[in-house]
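# Results of the structural survey
Okay, here's what each chain looks like letter by letter:
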Amino acid sequence: MIPKMNLHNHTNFSDGAWSPFEIIQKACDENLDIIGISDHLQTTKTPSVKIEDLPNYIEHIENLKAQFKNKIKVVSGIEIDSCPDRSPFVRDLSSFLHDSGSFYLDYVLVEYIGDPLWDGLSLDEFIKIRNKWDKTVGLAHWNPEYLLETLGLEKLVKSISESDLFIEITSFSRYNRNGISPFERERPLFKRLAELGVKFAVGSDTHDDLDDVARITNEINYLEDLGANIVSFDDKK
Ligand SMILES: [Zn+2]
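First things first, this report covers the structure right here in the doc. Just so you know, these numbers come straight off a predicted model, no measurement behind them.

### Notes on the pairing of strand β3 (residues 73-81)
- Across the nine residues of β3, seven count as buried, placing the element largely inside the fold.
- Across seven bridges, strand β2 (residues 34-40) lies against β3 in parallel orientation. The residue of β3 that forms the bridge with Ile 37 is Ser 76.
- Read as a crossover between parallel neighbours, the route from β2 over helix α2 (residues 54-67) to β3 is right-handed.
- The pairing of β3 with strand β4 (residues 107-111) spans five bridges and is classified as parallel. Bridge pairing in β4 places Gly 77 opposite Tyr 107.

The following block contains the structure:
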C-alpha cells in the first residue's frame, strides 16, 4: 500500500497562502499519512525563503513535527529553481544543505531540469551537482517531454535510473495537454522507471487552494498501478 502522501506544499514562508500549521492541520483532517512542506528557496521568480533564513524555516517545521507527532508524519523540504540566473546558489548549495545541530532538512525538490522554457539546468549537469548534496532529492512536477526530445528515451531511462533522484507525480495541471497529465501521456516511460527501481512521490504544488493538500488520489492510484517504490523518510533522531 502506498501511503497517502503529499510532498509539495508552499506556505506563507514563500508564495503560498497558508501557514505550515494550516497545511499540516488540513492534511490531518483529510487523513493523509505524510505531509511535506516545500517552500521555494531564494529565487527571483517568486517570494521565497532567503538562504540565510533557511535555519529559521527548518526550526519552524521541526516544532510542528513535534506538535503533530502522534497524528501525522511531517517532513521538511525546500524547492529549488534550477535556473542559475534566478537562483544564484543552485550550483553551490552543498554547504547550505549540510545538516548540523537542530538543522535537518528531509528532502529537496528541484524544478525545471532540462526545461528550456524555464532555463533549467541540464539533467547531466544537475546530476553532478546533486551528487554533492547529502540529501534525498526529487524532480518536482516532473514533465519528461523536453528531456525525451533532447536525450531520447534510452538515454533518459539510463540517466534517471542510475541517478539518486526520485520522481514527483503531480496533480498540478500546468503540464496537462487536453486534460492529460505527463505521467499519463508517458506511462510506458514511468512504468520502465518503476521497474528499474526508481522511487516516486506525490505532490500537489499547493499554493492558494487548501483543498489541493488532499488532491492526491489519482496520483496514488497511478503509482499503485505501476507497482512503484515510494521515497521513504527514516526517523533520524
Ligand atoms: Zn512548487
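### Overview of unusual backbone geometry
- In the Ramachandran plot, Asp 119 falls in the positive-phi region, its phi being about 55 degrees despite a non-glycine side chain.
- Relative to the helices and strands, Asp 119 is located in the loop between β4 and α3 (123-130).
- Under the C-beta neighbour-count criterion, Asp 119 is labelled partly exposed, with 13 such atoms within 10 Å.
- Positive phi outside glycine occurs at Asn 178, with the angle close to 50 degrees.
- Owing to 5 C-beta atoms within 10 Å, Asn 178 belongs among the exposed residues under this scheme.

### Here's the deal with the pairing of β4
- Of all five residues in β4, five are buried, a share of seventy percent or more.
- The two faces of β4 match: Tyr 107, Leu 109 and Glu 111 on one face and Val 108 and Val 110 on the other face are all buried.
- Note on the crossover from β4 through α3 to strand β5 (residues 136-139): the handedness is right-handed.

### Details of the sheet that holds β3
- Taken in spatial order, the eight strands of this open sheet run β1-β2-β3-β4-β5-β6-β7-β8, and their pairing is parallel. Bordering the open sheet on either side are β1 (5-6) and β8 (229-230), each of which pairs with just one other strand.
- Relative to strand β7 (residues 199-203), strand β6 (residues 166-170) is paired through four bridges, and the arrangement is parallel. Paired with Ile 167 across the strands is Phe 200, a residue of β7.

### Details of the packing of helix α5 (residues 153-162) against helix α7 (residues 187-195)
- Two elements in contact, α5 and α7, have axes whose closest approach is 10 Å; the angle formed by their N-to-C orientations is 35 degrees. Crossing of α5 over α7 shows right-handed handedness. Residues Leu 153, Val 157, Ile 160 and Ser 161 of α5 touch α7, and the partners they reach there are Leu 189, Arg 192 and Leu 193.

Thresholds, definitions, all that
Residues numbered from 1 in each chain as written. Predicted model: local features only at pLDDT ≥ 70, side-chain atom pairs only at ≥ 80, totals over all residues. Buried ≥ 20, exposed ≤ 12 C-beta atoms within 10 Å, placed from the backbone. Helix = DSSP H or I, 4+ residues; strand = E, 2+ residues; numbered from the N terminus. Pairing = 2+ DSSP bridges. Right-handed = clockwise from strand over helix to strand, strands pointing away. Axes fitted to C-alpha atoms, helices over the stretch in contact; angles between N-to-C directions. Left-handed = near helix turned anticlockwise from the far one by under 90°. Contact = placed C-beta atoms within 7 Å.

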